[in-house]
Amino acid sequence: MTSNYAPDAATQLEIYRRVALLKANDERSRKVIKTGRLVMPYYSYRGQEVIPAATMTALEDTDYLVTIYRGIHDMLAKGMPLKDLWAEVAGRVDGTCKGKGGPMHLTYPDKGIMVTTGIVGSSMPIACGLGWGSQLSGDGRVAVATFGDGASNIGAFHESLNLAAVWKLPVIFLCQNNLYGEHTTYEKATSAPRIADRAGSYAIPGVRVDGNDPIEMYAAAREAVARARAGEGPTLIEAMTFRFHGHVFGDADGYMDKAQKAAAVEADPVPRFRARLIAEGIATEEELAAAEAEIEAAIDEAVEFALASPFPELDELTRDVYGVAA
Amino acid sequence: MTSNYAPDAATQLEIYRRVALLKANDERSRKVIKTGRLVMPYYSYRGQEVIPAATMTALEDTDYLVTIYRGIHDMLAKGMPLKDLWAEVAGRVDGTCKGKGGPMHLTYPDKGIMVTTGIVGSSMPIACGLGWGSQLSGDGRVAVATFGDGASNIGAFHESLNLAAVWKLPVIFLCQNNLYGEHTTYEKATSAPRIADRAGSYAIPGVRVDGNDPIEMYAAAREAVARARAGEGPTLIEAMTFRFHGHVFGDADGYMDKAQKAAAVEADPVPRFRARLIAEGIATEEELAAAEAEIEAAIDEAVEFALASPFPELDELTRDVYGVAA
Amino acid sequence: MTTDLADPPAAAKVKPVTILQAINAAIADAMEADDKVVVLGEDVADPEEGGVVGVTKGLSNRFGEHRVRSTPIAEQAIIGTAIGASLVGYKPVAEIMLMNFTTVAMDMIVNHAAKLRFMSGGQTHVPIVIRTMTGTGFSSGGQHCDYLEAWFAHTAGMKVVAPSNPADAYGLMRAAIDDPDPVLYIENLPAYWSGGEAAQPGHVVPLGKAWIAREGTDVTIVSYSRVLNEAVAAADAIEAAGFSAEVIDLRTISPWDRETVLASVRKTGRCLVTHEAVTQFGVGAEIAAVLSEELFGVLKRPVARLGAPYAPVPFSKPLEAAYAPDAKRIAEAAITLCKQDN
Amino acid sequence: MTTDLADPPAAAKVKPVTILQAINAAIADAMEADDKVVVLGEDVADPEEGGVVGVTKGLSNRFGEHRVRSTPIAEQAIIGTAIGASLVGYKPVAEIMLMNFTTVAMDMIVNHAAKLRFMSGGQTHVPIVIRTMTGTGFSSGGQHCDYLEAWFAHTAGMKVVAPSNPADAYGLMRAAIDDPDPVLYIENLPAYWSGGEAAQPGHVVPLGKAWIAREGTDVTIVSYSRVLNEAVAAADAIEAAGFSAEVIDLRTISPWDRETVLASVRKTGRCLVTHEAVTQFGVGAEIAAVLSEELFGVLKRPVARLGAPYAPVPFSKPLEAAYAPDAKRIAEAAITLCKQDN
Ligand SMILES: Cc1ncc(C[n+]2csc(CCOP(=O)(O)OP(=O)(O)O)c2C)c(N)n1
Ligand SMILES: Cc1ncc(C[n+]2csc(CCOP(=O)(O)OP(=O)(O)O)c2C)c(N)n1
Ligand SMILES: [Mg+2]
Ligand SMILES: [Mg+2]
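Keep in mind that what you see is a predicted model, and the values were worked out from it rather than measured. (Residues numbered from 1 in each chain as written. Chains lettered and ligands numbered in written order. Predicted model: local features only at pLDDT ≥ 70, side-chain atom pairs only at ≥ 80, totals over all residues. Heavy atoms only, no water.)

Visitor: Requested: an account of the overall build of chain C, with residues and values cited.
Guide: The helix and strand inventory of chain C stands at 12 helices and 14 strands. In terms of overall dimensions, chain C is globule-like: its C-alpha atoms have a radius of gyration of 19 Å, near the 20 Å expected for 342 residues. For chain C, the spread of C-alpha atoms along the principal axes amounts to about 60 × 45 × 40 Å. Relative to its 342 residues, chain C shows a buried fraction of 74%. (Helix = DSSP H or I, 4+ residues; strand = E, 2+ residues; numbered from the N terminus. Rg over C-alpha atoms; globule rule 2.2 N^0.38 Å. Buried < 20%, exposed > 50% of the residue type's maximum accessible area, 1.4 Å probe, protein only.)

Structure below.
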């Protein structure tokens, strides 16, 4: 599809850098939680890295993101600094939200990361408002709302896509279809063969792509961004992927189809992408290994920084509930 | 379409009898309100009579209806007795709800009229439950949820159609598309050229029919009923129509397109239907006039009955809030 | 802008208008003063007649449909859209037509608008106004008249206001739009056409400040919204019975003006809280709890509460008329309170 | 069925179980006894592991997936479906996974489930149970831990229960399923694995009946849900400080057992109400308002309230730990109350 938006070599490398960061960060998170050094509800995104890595590479820093509990990959790809992230999920004052938001409510406006929600579907109405803001000011910014396949069955999805379509808002609705909503399979919850087809209900473009393919994913994102910036309105992208782990850390995932899961893990998009970059001569093994080592070091540093940061004082309990009236 | 469900002469006459009842009742309602003998928020359905008259003729008494504030036509077509209706909208003890529900909350379980809601979209989730009840008990009953075009943009629509589709519930989603939601036009609120097409989001049949054509409307309803009873799941019907008056009694309808309205009134489906019945020899002018006179007499009687009925005692204020625990 | 702190609305009056006109003027003046103020909701623009009862009439003709925008019937999207725009510098005034319809937008209001400042550690905030109308009196039955302010007052991060007269309607709207946090602004439908003197343009009634609608010495009546006017009317009957009622208009329900109320009840020793919401678990409970604690030993009689019965709003006229407190029942309750022994 | 009125749960105990197991057993026994009892909600069936924490585990294997049905993520549809089925003779037990998600189903709960009996003039009624879990303690942050029971208690037509131990969890669930009206059944997530003796099969705890979890003479502590157990634990520290606390478990929040609470406070003269919800406009306000009125002149000290601060739930561990009342803070508040002059 849409090969006029195919990423060039440099862009592919940039996408890979983000993919590698996301994967390493997920692995480290699970490790640190397992050792008990961190306590938090953790929604692993392992297997879904390519989607935000490619999509956010197609955006500017000034574009907006509204993401969900399973959204650390989205935020890292959008530019959330590792230290701010880790200190936040450790509940420390140096966290981006001073430790008060936690892993489900990270915010980092400097990179357009405006809201992270724990409520299924609720990323979408807010993204409409960010898009409306762009439309009002004419600043060309695009808002991306990410959400899961399960979220495509809740009312907020419908209201948001319709409103964004009628108002021609610069919003990208990015569905990360990992085939499960908590313990329920896609088929058991969703009466549409393809979520992308639901775009038809709003007369907007809807495209299903292989979210694990960086080229296809990037092209779809670029096209949606172009449409949005041109004032042509929203796009629904359904990015097919798979969640390698249970819904939440600690979930034994007994409800997942073993063969399906094994096949998905076997087809892990990250090493596949890596191997292709080398095979195609876009990068050498050494270059990638060096980039990965840098990432590990940055994560090391962030984890240590986070765990050394103090917890907030108790007066934070009632601070930031209200501002002061103008 | 689907001519195997075309209504025979007797059925057409029955549909006309209901159409005439609905029209006469709307005209009387507006007259009685205008004289000040009744005070109530009244949502005229003049122009939309054929939809419920044909649909309810395709149902059994035991089938269920969930309707909305603009739903007196639906209820009368489903069999709500005139006296129970009029006494209710007059707020009297002999009303079907003892005067406590009023015109937006009429209920008459004997004819399957289970809920009338004043909240846009909320007829649909409840109809799913009635359908689930039928499915659980295997009694073959079908549940019809009626709603407007504006309601097709609210979350409850989406959640209900998806759930009904996944569960294959015997529910008919009957959208009465009168081209306005309060003061807002269809186009300004709804980003789908046809609401019927939204059925595609749920992989269920969606059909747009001329809701003012009794033959087409009846056939579509019969087909949906057959599907539902056969366990094949829900159908979305978009019945095109027009609202001859403003949203609510007293609304000056300045926001309505004058030419569009004049054309719709000119094409009034009721005299058109009547003339055709005579032209095709299905009924004589005298027969129809006699039926209409009977209807007027029945309405006379109901109005007098209602206005002679006492208001409820004040102890009704706190009665029916709870039952007694089993 | 002028700011009259605890002054009665009279201080700001210039000419008679209705509450509806006052709200319209306040939004218009705010839009004129700040082009970040935008309006959205069902039917709010002029092609749709500026709202079902015309509260926003003329605004889109004057400021453009990009700033005054009619929406689909989709309350979650309406509030979500307001929230999003507010995060990037706009000051949306969103309409949820009737208060009962807030029920379909509670997630956006409670989990998001009210919490984003806190959850982001103060990085973001949500300066939106949610206008909504309600109230018995128009025979609308069970799903169109509820007063649900207690829910929002129980929600940290929200503010809740409910004007009783045109000048306050103006001044509270200006304050609500200026406020950096989400404010629920409650309008009483049957009272839209109540007249009163208008506020001077720019008049601001600070949030959290009550005013003493009538001074008195024997009993304090605390109320807000339409019922406040019933309480004022009741004061005459109370006076006729030989007692002097002080009537306080809370104006802001959350945060409520404890200082003004405490000072009054400290003086009178008796208090009746009255509102249109059901009594149980209503706003009156919080006020009674606080007064009972703060004025323990000072109160001559326990704080009395007069709200609606614990029931949905009935349709039938005589039942509806008996549902919400009126001047007669307020006077009776206050006189009973005054007659009881110390 | 056995029905122990004001008896403590101990009367019904036979063997130790967790609250989670007790709820599961109660639903299973009700389904066994009446084939009109059905279950729906996200992940509730066994292919989905019987709920995210397994509360409904085994039910679909035993009773079939037609009676125990996993739903899409669509809370309005879940409650609407429960309502519809209840209108035609079924007794649905619907799960709204977390209490904060009731915000997306408020219309169905408040405008429909709670009102249909009244608005239909008694022709229909809605015998559904809405199970929902909540509570701080698992580092879930601002959108997953709220206690919103005051909203539902403020809603005429709803009943609200919140068990604190396995036997009550069983008995209240049986009563809730038997009840002809909608009941919100609140489960505390971190307390699911708290042990206690099990109820005898068929044990019913009537709605509206509190029990005295511990007898005492100097101060009455009223609570429910998880915090009740903190109050019981606090009683030891209070005793160590030389005071005797009577601890009442409301069990049912609406309608609450005024008789039992009034009798206790009449005896002790002091009362502390404590719950995990924020204090302002919370359930404690209603109880304080009623006690202050009914026991005017009898109370030795004003009713004290101890809830969460007026703020969203914070993520950071030390903040979260300081958010909801615990045994230590309850003991301090009760001791302060006891030490104050009469
Ligand atoms: C309104 C609401 N209902 C239920 C939940 C509980 N819940 C959290 S995640 C989840 C599954 C969502 O699935 P999907 O949208 O596919 O996203 P994924 O987790 O797979 O990324 C559910 C049901 C919630 N957070 N919000
Ligand atoms: C949730 C909700 N939002 C808004 C309203 C106010 N309202 C009542 S009727 C209506 C228009 C509905 O239009 P449509 O669905 O087309 O039905 P029609 O009235 O044309 O039959 C609106 C917005 C409501 N009752 N409920
Ligand atoms: Mg998923
Ligand atoms: Mg319409």
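Visitor: Go over the site of ligand 1 with me, naming the residues and quoting the values.
Guide: By nearness alone, 20 residues border ligand 1, and Arg70(A), Gly118(A), Gly150(A), Tyr180(A) and Glu75(D) come closest of all. Looking at the residues close to ligand 1, they fall on chains A and D. A distance of 3.1 Å separates a nitrogen atom of ligand 1 from a polar side-chain atom of Glu182(A). The fraction of the free accessible surface of ligand 1 (580 Å²) that becomes covered by protein chains is 98%. Along the lines of polarity and charge, the residues of the shell around ligand 1 split into nine nonpolar, six polar and five charged. (Near = heavy atom within 4 Å. Polar contact = N/O pair within 3.5 Å; in protein donor to acceptor, adjacent residues only side chain to side chain. Areas by Shrake-Rupley, 256 points an atom, 1.4 Å probe, with all protein chains shown as cover. Nonpolar A, V, L, I, M, F, W, Y, C, P; charged D, E, K, R; others polar.)

Visitor: So what about the interface of chain C and chain A? Which residues, and what values?
Guide: Listed by partner, the interface residues are 43 residues for chain C and 42 residues for chain A. Interface area for chain C against chain A, summed over the two sides, is near 3300 Å², with a carbon-plus-sulfur share of 67%. Three residues stand out in chain C for area buried against chain A, namely Arg69(C), Phe118(C) and Met119(C), and they jointly supply 19% of the buried area on that side. For the interface between chain C and chain A, the tally reads zero salt bridges. In this structure, the connection of chain C to chain A is made through 15 residue pairs in polar contact (both at pLDDT 80 or more). Within the residue set of the side of chain C that touches chain A, elements represented by two or more residues are β2 (37-41), β3 (68-70), α3 (75-87), α4 (106-113) and α5 (116-119) of chain C. It is α3(C) that contributes the most residues to the side of chain C that touches chain A, nine residues altogether. Residue composition of the side of chain C that touches chain A, by class: 18 nonpolar, 16 polar and nine charged. (Contact = heavy atoms within 4.5 Å. Buried area = accessible area lost by both parts, 1.4 Å probe. Salt bridge = Lys/Arg side-chain N within 4 Å of Asp/Glu carboxyl O.)

Visitor: I'd love a proper account of the coordination of the magnesium ion (ligand 3), names of residues and values included.
Guide: All names here are of chain A. On the protein side, the magnesium ion (ligand 3) has Asp149 (OD), Asn178 (OD1) and Tyr180 (O) as donor atoms, found 2.0 to 2.1 Å from it. When the donors of the magnesium ion (ligand 3) are listed by position in the chain, the intervening gaps give D-x28-N-x1-Y. Pair noted here: Asp149 is in the loop between β3 (143-148) and α6 (155-167) and Asn178 is in the loop between β4 (171-177) and β5 (180-181), with a separation of 29 residues, a long-range link. Owing to a relative accessible area of 2%, Asp149 belongs among the buried residues under this scheme. Residue classification places Asn178 among the buried positions, given a relative accessible area of 5%. (Donors = N, O, S within 2.8 Å, 3.2 Å for Na, K, Ca; no water.)

Visitor: Run through the site of ligand 2, naming residues and quoting values.
Guide: Around ligand 2, 20 residues are found, and the nearest of them are Tyr69(B), Gly118(B), Gly150(B), Tyr180(B) and Glu75(C). Proximal residues around ligand 2 fall on chains B and C, making this an inter-chain site. A distance of 2.8 Å is found between an oxygen atom of ligand 2 and a backbone nitrogen or oxygen belonging to Tyr180(B). In isolation ligand 2 exposes 580 Å². Once the protein is present, 97% of that is buried.

Visitor: For the sheet that holds strand β7 (residues 206-210) of chain B, give the residues involved together with the corresponding values.
Guide: Residue and element names in this part refer to chain B. Here we have six strands laid out as an open sheet, ordered β2-β1-β3-β4-β8-β7, and parallel in their pairing. Looking at the sheet topology across the chains shown, the edges are occupied by β2 (113-117) and β7. Neighbouring strand axes in the sheet, compared pairwise and without regard to direction, differ in orientation by 20° on average. Where β7 and strand β8 (residues 235-240) come together, five bridges link them in parallel fashion. Residue Val207 lies in a different strand from β8, and its bridge partner there is Ile237. The strands that helix α8 (residues 214-229) touches are β4 (171-177), β7 and β8; relative to β8, the one it contacts most, it runs at about 170°. (Pairing = 2+ DSSP bridges. Axes fitted to C-alpha atoms, helices over the stretch in contact; angles between N-to-C directions.)

Visitor: Quick rundown of the relation of the copies chain D and chain C? Include the residues and the values.
Guide: Of the transformation superimposing chain D on chain C, the axial component is 0.0 Å and the angular component is 180°, with the fit at an RMSD of 0.0 Å. One copy is carried onto the other by what is essentially a two-fold rotation axis. (Least-squares fit on C-alpha atoms with pLDDT ≥ 70 in both.)

Visitor: Could you give me a rundown of the environment of Thr185(A), with the residues and numbers involved?
Guide: Positionally, Thr185(A) belongs in strand β6 (residues 184-185). For Thr185(A) and Met256(A), which are 71 residues apart along the polypeptide, the C-alpha to C-alpha distance reads 8.2 Å.

Visitor: Run through the pairing of β2(B), naming residues and quoting values.
Guide: Residues and elements named next belong to chain B. The buried fraction of β2 is high, at five of five residues. In this sheet, β2 lies alongside strand β1 (residues 64-68) in parallel orientation, the contact comprising four bridges. Bridge pairing in β2 places Val66 opposite Val115.

Visitor: Explain the nonpolar core to me, using residue names and the numbers behind them.
Guide: Phe173(A), Phe173(B), Ile79(C), Ile83(C), Ile79(D) and Ile83(D) are the most contacted members of the largest nonpolar core, which has 279 residues in total. Discounting chain neighbours no more than four positions away, the residues touching Ile79(C) are Ala94(C), Ile96(C), Ala105(C), Met108(C), Ile109(C), Ile128(C) and Ile130(C). (Core = buried A, V, L, I, M, F, W, Y, C linked by side-chain atoms within 4.5 Å.)

Visitor: Go over the confidence of the model for chain C, please, and point to the residues and values.
Guide: Residues and elements named next belong to chain C. For chain C, per-residue confidence averages 95 on the pLDDT scale, and 95% of positions sit at 70 or higher. Confidence drops under pLDDT 50 across residues 1-8; counting only partners more than four residues distant or on other chains, this segment forms 23 contacts. For this predicted complex, the interface confidence score (ipTM) comes to 0.97, while the overall pTM stands at 0.97. (pLDDT = per-residue confidence, 0-100.)

Visitor: Provide a residue-level description of the side chain of Ser152(A), including the pertinent values.
Guide: Checked against the element boundaries, Ser152(A) lands in the loop between β3 and α6. Sequence-distant contacts of Ser152(A), that is, excluding residues within four places in its chain, are made with Phe147(A), Phe157(A), Thr190(A), Ile195(A), Arg198(A) and His158(B).

Visitor: Got a sec to walk through the state of the cysteines? Specific residues and values, please.
Guide: A full pass over the atoms with the stated rule returns zero disulfides over all chains. Here Cys97(B) stays free of any disulfide, with the sulfur of Cys145(C) as its closest cysteine sulfur at 16 Å. Cys271(D) forms no disulfide, and the closest cysteine sulfur to it belongs to Cys338(D), at a distance of 11 Å. (Disulfide = S-S within 2.5 Å.)

Visitor: So, the packing of helix α2 (residues 50-57) of chain A against helix α8 (residues 214-229) of chain A: which residues are in play, and what are the values?
Guide: All names here are of chain A. One way to put it is that α2 packs onto α8 with a least axis distance of 8 Å and a crossing angle of 45°. The angle between α2 and α8 places the two elements in the oblique class. Pair α2 / α8 crosses with right-handed handedness. Residues Val50, Ile51, Ala54, Thr55 and Thr57 of α2 touch α8, and the partners they reach there are Pro214, Met217, Tyr218 and Ala221. (Parallel < 35°, antiparallel > 145°, perpendicular 65-115°, else oblique. Left-handed = near helix turned anticlockwise from the far one by under 90°.)

Visitor: Outline the packing of helix α4 (residues 82-89) of chain B against helix α11 (residues 285-308) of chain B, listing residues and values.
Guide: Residue and element names in this part refer to chain B. Interhelical geometry of α4 versus α11 gives an angle of 40° and a closest axis separation of 8 Å. Here α4 is positioned oblique relative to α11, judged by the angle of their axes. Here the hand of the crossing between α4 and α11 comes out right-handed. From α4, Leu82, Lys83, Trp86 and Ala87 reach across to α11, where they touch Ala298, Ile299, Glu301, Ala302, Val303, Phe305 and Ala306. Each residue belonging to the contact of α4 with α11 can be placed in one class, and the counts come to nine nonpolar, no polar and two charged.

Visitor: Tell me about the sheet that holds strand β14 (residues 304-308) of chain C, residues and numbers included.
Guide: All names here are of chain C. Taking strand neighbours across the sheet as the criterion, the five strands line up as β9-β11-β10-β13-β14 in an open arrangement whose pairing is mixed. Strands with a single pairing partner mark the edges of an open sheet, and in this sheet they are β9 (211-214) and β14. Direction aside, neighbouring strands of the sheet carry axes that sit 25° apart on average. Note that strand β10 (residues 219-223) and strand β13 (residues 271-278) share three bridges and pair parallel. Each residue of the ladder has a partner; that of Val222, found in β13, is Val273.

Visitor: Tell me about the coordination of the magnesium ion (ligand 4), residues and numbers included.
Guide: Residue and element names in this part refer to chain B. Taken together, the protein ligands of the magnesium ion (ligand 4) are Asp149 (OD), Asn178 (OD1) and Tyr180 (O), with distances of 2.0 to 2.1 Å. Along the chain, the residues donating to the magnesium ion (ligand 4) are arranged with the sequence spacing D-x28-N-x1-Y. By relative accessible area, which is 5% here, Tyr180 ends up buried.

Visitor: Describe in detail the pattern of salt bridges, supporting the description with residues and values.
Guide: When the charged atoms of two side chains with opposite charge come close together, those side chains can pair. Counted according to the given criterion, the structure contains 90 salt bridges over all chains. We note a salt bridge from Glu276(C) to Arg226(C), for which the minimum N-O separation is 3.2 Å. Of the two residues, Glu276(C) sits in strand β13 while Arg226(C) sits in helix α8 (residues 225-240), which places them 50 residues apart along the sequence. Of the two residues, Glu276(C) and Arg226(C), both sit in the buried class. Two residues, Glu246(D) and Lys267(D), come together in a salt bridge whose shortest N-O distance is 2.6 Å. Highlighted residues: Glu246(D) in strand β11 (residues 245-249) and Lys267(D) in helix α9 (residues 258-268), separated in sequence by 21 residues. By relative accessible area, which is 2% here, Glu246(D) ends up buried. Connected via shared salt-bridge partners are Lys98(A), Lys100(A), Asp315(A), Glu316(A), Arg319(A) and Asp320(A).

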